[in-house]
Amino acid sequence: MHLYYENFLFLSIFLSLLCGILTTLLEDGRKSRRVTLVMLAVCAVMNGIVFVNTSIRGEYFTYAMGQFPAPWGNEVRSGPIESLLATVFCIVIGLSLLGGGRDLEEDILPEKVNLYYIMMDLLTAATFALCYTNDMFTGYVFIEIMTIAACSIVMAKDNGQTIVATIIYLIMSMVGSGVFLFGVAILYSISGHLLMPNIMASVTQMFSSGNFHYPMAVVAGMVLVGLAIKSALFPFHTWLPTAHGSATTSSSAILSGVVLKGYVILLIKVMCRVFTMEQIRQLNVNEVLFVLGICAMIYGSVRAVRENHSKKMIAFSSVAQVGYIYVGLGLCSTAGMAAAVYQILAHAVTKSLLFISTGGLIQTAGHKKSLHDLCGTARKRPLAGIGFTVGALSMVGLPLLAGFITKVTLGQASLEIEIPRWEMITSLTAIAISSLLNAWYFIQATIQIWKSEEEDGQDGSDPVMVHSFTPDRSFGFAVVALCVMNIVLGCFAEPLVRLLQHSVALL
């Protein structure tokens, strides 16, 4: 007999899809918005209940959907990590929609607003499915659903730049999906299963017999690299700056904070539930992810330093932050995995805060997006300036903020005994270099938005015109809530990191 909260996994996915259907019947965008926000609130509560109960019990549970057992049936599986991520993602999506609501009204045609929320409901369902699925092919199906929904919310602004960005995004996503699907097909032909526990039993048997070593290396490489392409790991990131820089504020925040992470969660489950970390190390696939993660940390930071477009600067910062996640995964240890999961949480909260705050500053500057044009906007709209400052300092690694804990936990994971010496030195050096570069461009940007107009006009150029704005309570609530979440993650990190390490060991 299932405990009551075990039903919440399926109900979250079902409710998201149901709201997507109901929203098609609504022509009023405001009503569609309310339906989506209520759904997100209900799902956040349900997933929060799952997180509390699984954390107290310290165990995972499997929920078989329908009356068909494996290998014919489908099932979902959850523990503290999946339910925590699903809860935070719900909150981040909801706050991103609230914080970017005014931009949505200005950027999207009124008759198309309800279509935007349909895609948002589908994206939410796909996020839940990727967090909870225990089936490889179901994972692939929802990867494609998330891709379609993500492309739609990029293109929702409906101008030439977003259409080009969507086409590039779609092409890169199809490459990643194809590579992943080929890997799943080969894995199925070898093991005869699609459910993760069954595949793991077959793979373990093959490893113990010494057979299929090279095919397993190919399969693991295709599955993991396919998901890395989907999550914009260097050098497959080329679509990300244009898509995030040109999309409406809510879309940019959700794409960076949630969509990129959904694929990473599935990748973590493949590394721990289909293979084991020991098997991944034997196949040397983790070294590929580690090296690409290091390159992403440095390259993304360097490009952000050179970028004057505010939203593209934050997007290139996302390339670097995805690199942090993959360095943790590449270490292929319990501490490294826990650091990667913590970075997923920290980045989801911080990058959404940065995009929403930047959107508010851009509104104040008359929709001009260069850093020069944002001069003095924080003085006119202090709450947006405070949100940007908190997010920027978190990315730099200021203590008591979430970004600082990411750097500390990743550094500690690199110092473990079983980590090869070259990986330890490389990761610590990359963290130091990336942190310095983060400080360079984020502190410069923070100074620029708080600089007075007179100071900006001292070089002989005209002062930047700062436009007036009407108060937006939804924006203010979103910024304050994300700031609080960032500080909570930074101040109460120790018990959370311990929980993540314990939960990774149970994966």
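Everything below is about the structure shown above.
Report follows, based on the coordinates. (Residues numbered from 1 in each chain as written. Predicted model: local features only at pLDDT ≥ 70, side-chain atom pairs only at ≥ 80, totals over all residues. Heavy atoms only, no water.)

A short note on the overall build of the protein
Step number 1: A tally of regular secondary structure across the protein gives 22 helices and two strands.
Step number 2: What you see for the protein is a C-alpha radius of gyration of 22 Å, in line with the 23 Å of a compact globule of 507 residues.
Step number 3: For the protein, the C-alpha atoms occupy an extent of roughly 75 × 55 × 40 Å along the three principal directions.
Step number 4: Evaluated residue by residue, the protein yields a buried proportion of 62% over its 507 residues.
Step number 5: Counting 29 positive and 30 negative side-chain charges, the protein places the averaged centre of each group 2 Å from the other. (Helix = DSSP H or I, 4+ residues; strand = E, 2+ residues; numbered from the N terminus. Rg over C-alpha atoms; globule rule 2.2 N^0.38 Å. Buried < 20%, exposed > 50% of the residue type's maximum accessible area, 1.4 Å probe, protein only. Lys, Arg positive; Asp, Glu negative; His and termini not counted. Charge placed at Lys NZ, Arg CZ, Asp CG, Glu CD.)

A look at helix H15 (residues 334-364)
Step number 1: Given a rise of 1.5 Å per residue, 31 residues ought to cover 45 Å, and the 45 Å separating the end C-alpha atoms of H15 matches this to within 8%.
Step number 2: Counting buried residues in H15 gives 30 out of 31 residues, a clear majority hidden from the surface.
Step number 3: Phi turns positive, to about 75°, at Gly366, one or two residues after H15. (Expected span 1.5 Å × (residues − 1).)

Some thoughts on empty space enclosed by the protein
Step number 1: All chains considered together, the criterion is met by two cavities of 30 Å³ or more.
Step number 2: In this model, the largest cavity occupies a volume close to 60 Å³.
Step number 3: Surrounding the largest cavity, Ile81, Glu82, Leu85, Ile265, Ile268, Lys269, Val341 and Leu507 form its lining.
Step number 4: Among the elements of the structure, helix H3 (80-99) and helix H11 (249-274) are those that each provide at least two residues to the lining of the largest cavity.
Step number 5: Looking at the lining of the largest cavity, its residues break down into six nonpolar, no polar and two charged.
Step number 6: Estimates place the volume of the second largest cavity at around 40 Å³. (1 Å grid on protein atoms, 1.4 Å probe; cavity = no way out; pocket = protein on both sides within 12 Å on 5 of 7 lines; lining within 4 Å. Points joined across faces, edges and corners; volume = space filled by probe spheres on them. Nonpolar A, V, L, I, M, F, W, Y, C, P; charged D, E, K, R; others polar.)

Let's talk about the packing of helix H10 (residues 239-246) against H11
The geometry of a pair of packed helices is captured by two quantities: the angle between their axes and the separation between those axes.
Step number 1: Two numbers describe how H10 lies on H11: the axes approach to 7 Å, and their chain directions differ by 135°. As far as their axial angle goes, H11 and H10 are oblique. Seen from H10, the contacting residues are Trp239, Leu240 and His244; seen from H11, they are Ser252, Leu255, Ser256 and Leu260.
Step number 2: A per-class count over the contact of H10 with H11 returns four nonpolar, three polar and no charged. (Axes fitted to C-alpha atoms, helices over the stretch in contact; angles between N-to-C directions. Parallel < 35°, antiparallel > 145°, perpendicular 65-115°, else oblique. Contact = heavy atoms within 4.5 Å.)

Side note on unusual backbone geometry
Step number 1: Of note, the amide linkage connecting Phe234 to Pro235 takes the cis form, showing an omega dihedral of 5°.
Step number 2: By the secondary structure assignment, Pro235 is in the loop between helix H9 (213-230) and H10.
Step number 3: One non-glycine residue, Asn284, adopts positive backbone phi at about 65°.
Step number 4: Tracing the chain through its elements places Asn284 in the loop between helix H12 (277-283) and helix H13 (285-306).
Step number 5: Its relative accessible area of 39% is what places Asn284 among the partly exposed residues.
Step number 6: Even without a glycine there, the phi angle at Cys332 is positive, about 55°.
Step number 7: For Cys332, a relative accessible area of 0% gives the class buried.

A few points about the side chain of Thr54
Step number 1: By the secondary structure assignment, Thr54 is in helix H2 (residues 29-57).
Step number 2: Only 2.7 Å separates the side chain of Thr54 from the backbone oxygen of Val50, close enough to count as a polar contact.
Step number 3: Of note is the side chain of Thr54, whose polar atom sits 3.2 Å from the backbone oxygen of Phe51.
Step number 4: Residues in contact with Thr54, not counting those within four places in the same chain, are Tyr5, Glu59, Phe61, Gly79, Pro80 and Ser83. (Polar contact = N/O pair within 3.5 Å; in protein donor to acceptor, adjacent residues only side chain to side chain.)

What about the packing of helix H6 (residues 136-155) against H9?
Step number 1: One can describe the packing of H6 onto H9 by two numbers: an axis separation of 12 Å at closest approach and a directional angle of 20°. Put simply, H6 runs roughly parallel to H9. The chirality of how H6 crosses H9 is left-handed. Taken together, the residues of H9 that come into contact with H6 (itself represented by Met136, Ile143, Glu144 and Thr147) are Val223, Leu227 and Lys230. (Left-handed = near helix turned anticlockwise from the far one by under 90°.)

Observations concerning the state of the cysteines
Step number 1: Within the structure shown, the criterion is met by zero disulfides.
Step number 2: Just so you know, Cys19 is unpaired, no disulfide at all, and the nearest cysteine sulfur is the one on Cys43, 7.3 Å from it.
Step number 3: Overall, the relative accessible area of 7% leaves Cys19 in the buried class.
Step number 4: Here Cys332 stays free of any disulfide, with the sulfur of Cys272 as its closest cysteine sulfur at 7.8 Å. (Disulfide = S-S within 2.5 Å.)

Some details on the pattern of salt bridges
Step number 1: With the rule as written, the count across this model stands at three salt bridges.
Step number 2: A salt bridge links Arg273 to Glu82; the nearest nitrogen and oxygen atoms lie 2.1 Å apart. Placement of the pair is Arg273 in helix H11 and Glu82 in helix H3, with a sequence separation of 191 residues. The two residues Arg273 and Glu82 agree in class, both being buried. (Salt bridge = Lys/Arg side-chain N within 4 Å of Asp/Glu carboxyl O.)

Comments concerning the nonpolar core
Step number 1: The biggest cluster of nonpolar side chains holds 164 residues, and the ones touching the most others in it are Met136, Phe275, Leu329, Tyr342 and Phe388.
Step number 2: Residues Ile294, Val327, Leu410 and Ile419 belong to the second largest nonpolar core, which totals 13 residues. (Core = buried A, V, L, I, M, F, W, Y, C linked by side-chain atoms within 4.5 Å.)

Topic: the layout of surface pockets
With a probe scaled to a water molecule rolled over the atoms, the places where space remains empty come into view.
Step number 1: Counted as a void, the largest pocket has a volume near 310 Å³.
Step number 2: Contributing to the lining of the largest pocket are 14 residues, with Phe51, Leu84, Val88, Leu489 and Leu496 lying nearest its centre.
Step number 3: Contributing elements (two or more residues each) for the lining of the largest pocket: H3, H15, helix H21 (473-491) and helix H22 (493-506).
Step number 4: No other element matches the four residues that H3 contributes to the lining of the largest pocket.
Step number 5: Split into classes, the residues belonging to the lining of the largest pocket amount to 13 nonpolar, one polar and no charged.

As for the packing of aromatic side chains
Step number 1: Under the criterion given, the structure shown has seven aromatic pairs.
Step number 2: Considering the side-chain rings of Phe10 and Phe14, the 5.8 Å spacing of their centres and the 25° angle between planes classify their relative orientation as stacked. Linking Phe10 with Phe14, this pair stays in helix H1 (residues 8-23), spanning four residues, or about one helical turn.
Step number 3: Centre to centre, the rings of Tyr441 and Phe442 are 4.7 Å apart; their planes meet at 40°, and the pair counts as tilted.
Step number 4: Tyr441 sits in the buried class, given a relative accessible area of 2%.
Step number 5: Residue class for Phe442 comes out buried when judged on its relative accessible area of 0%.
Step number 6: One Lys or Arg, Arg381, reaches over the ring of Phe475 and ends 4.4 Å from the middle of that ring. (Phe/Tyr/Trp six-rings, centres within 6.5 Å; stacked < 30°, edge-to-face > 60°. Lys NZ or Arg CZ within 6 Å of the ring centre and 35° of its normal.)

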